[in-house]
Amino acid sequence: MSAPRHVAVIMDGNGRWAKAKGLPRLMGHRAGADALDRVMHYCRDAGVEFLTVYAFSTENWKRSTEEVSGLMKLLSSFIHKKEKELVGNGIRFRVIGRRTDLSEKLQKEIAALEKKTAGGSFTLVVALSYGGRDEILRAAAKFQGGTEEDFSALLDTAGIPDPDLIVRTSGELRLSNFLLWQAAYAEFYFTDVLWPDFGREEFDKALASFAKRERRMGGRK
Ligand code: IPE
Ligand code: IPE
Ligand code: MG
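Residues numbered from 1 in each chain as written. Chains lettered and ligands numbered in written order. Predicted model: local features only at pLDDT ≥ 70, side-chain atom pairs only at ≥ 80, totals over all residues. Heavy atoms only, no water.

Peer 1: Looking at this structure, I do not really get the site of ligand 1. What am I missing?
Peer 2: Within the structure, ligand 1 sits among 13 residues, and D12, G15, R16, R25 and R63 are positioned closest to it. Within the contact set of ligand 1, an oxygen atom lies 3.4 Å away from a backbone nitrogen or oxygen of G13. Contact distances for ligand 1 include 2.7 Å between an oxygen atom and a side-chain N or O atom of R16. Contact with the protein chains hides 86% of the accessible area of ligand 1, taken as 380 Å² for the molecule alone. Mapped by element, the contributors of at least two residues to the shell around ligand 1 are α1 (14-20), α2 (25-46) and α3 (65-88). At 3 residues, the largest contribution of residues to the shell around ligand 1 is made by α1. A class-by-class count of the residues in the shell around ligand 1 yields 3 nonpolar, 5 polar and 5 charged. (Near = heavy atom within 4 Å. Polar contact = N/O pair within 3.5 Å; in protein donor to acceptor, adjacent residues only side chain to side chain. Areas by Shrake-Rupley, 256 points an atom, 1.4 Å probe, with all protein chains shown as cover. Helix = DSSP H or I, 4+ residues; strand = E, 2+ residues; numbered from the N terminus. Nonpolar A, V, L, I, M, F, W, Y, C, P; charged D, E, K, R; others polar.)

Peer 1: Please clarify how α2 should be interpreted in this entry.
Peer 2: Given 3.6 residues per helical turn, the α-helix brings residues three or four places apart onto the same face. Here α2 spans 31 Å end to end across 22 residues, near enough to the 32 Å set by a 1.5 Å rise per residue. What α2 keeps buried is the set G28, H29, A31, G32, A33, A35, L36, V39, M40, Y42 and C43. Directly beyond the C-terminal end of α2, a positive phi value near 90 degrees is found at G47. (Expected span 1.5 Å × (residues − 1). Buried < 20%, exposed > 50% of the residue type's maximum accessible area, 1.4 Å probe, protein only.)

Peer 1: Any chance you could explain the site of ligand 2 here in plain terms?
Peer 2: Ligand 2 sits among I10, M11, D12, Y54, A55, F56, N60, R63, R168, R174 and S176. In this structure, D12 approaches ligand 2 through a side-chain N or O atom, which is 3.3 Å from an oxygen atom. Contact with the protein chains covers 77% of the free accessible surface of ligand 2, which is 390 Å². Ranked by the residues each element gives to the shell around ligand 2, the list is headed by strand β2 (residues 50-57), at 3 residues. For the shell around ligand 2, the class distribution of residues is 5 nonpolar, 2 polar and 4 charged.

Peer 1: Just to check I follow, could you spell out the packing of aromatic side chains for this structure?
Peer 2: Given two aromatic rings, their pairing is described by the distance between the two centres and the angle made by the two planes. Taken as a whole, this structure holds 9 aromatic pairs when the rule is applied. Both rings, one in F56 and one in W61, keep their centres 4.9 Å apart while their planes meet at 70 degrees; by these two values the pair is edge-to-face. A residue is classified by how much of its surface remains accessible, and W61, at 31% relative accessible area, is partly exposed. Measuring from ring centre to ring centre gives 5.3 Å for W195 and F198, while their planes differ by 25 degrees; the resulting arrangement is stacked. Owing to a relative accessible area of 0%, W195 belongs among the buried residues under this scheme. Aromatic rings pair up to connect Y54, Y130 and F178 into one cluster. (Phe/Tyr/Trp six-rings, centres within 6.5 Å; stacked < 30°, edge-to-face > 60°.)

Structure follows, in structure tokens:
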């Protein structure tokens, strides 16, 4: 079974997970960070080369200040906690999105971790203050004409292959502004499982489903 080279995940359902347990939303986000940790290792073990996760959208700034600041703190602690593990395991860390929206402190932490992990062979891409439309607009402002490849090279995802498989948890059937350009020929896998509950079994199901797809890319078989 050949694994997708690039898996992208819309990690959705943290809030509902917490609500169902009578917990504050932030506890759901914490459990979501643990799920990310697990899935990163499943991907590496399965031979996936790139894992992109949607952690915070350009629209998520509309949430309460309490939730936004809690999420930002969680991201910063993820960076601190994971540094050793990422460096030790050859995992490259990369952020896509409008990073100037983030605090200067967080921007510096991100840049430092990107630099330290630059040699990694497996890449974890975190979409932060990310919106596909925003990314395309920023690229378009720099574009002076040329090919699709030339345009791709101006996106935040420059150098990263398009996602082969996009997974969305929690039963929502939409992209919510994720990787709009890059998703052109991606395969989709939707599950009702909430992100904090996403484990090995669900991951294997997603890969098994992907393995059965016939990808024609507009050609004929
Ligand atoms: C996804 O979980 C994480 C972020 C958007 C930051 P949600 O917070 O959207 O969880 P639900 O959709 O409310 O359950
Ligand atoms: C998408 O989830 C963004 C992330 C997972 C970070 P949302 O929960 O924000 O999306 P909608 O509002 O349901 O479309
Ligand atoms: Mg949601």
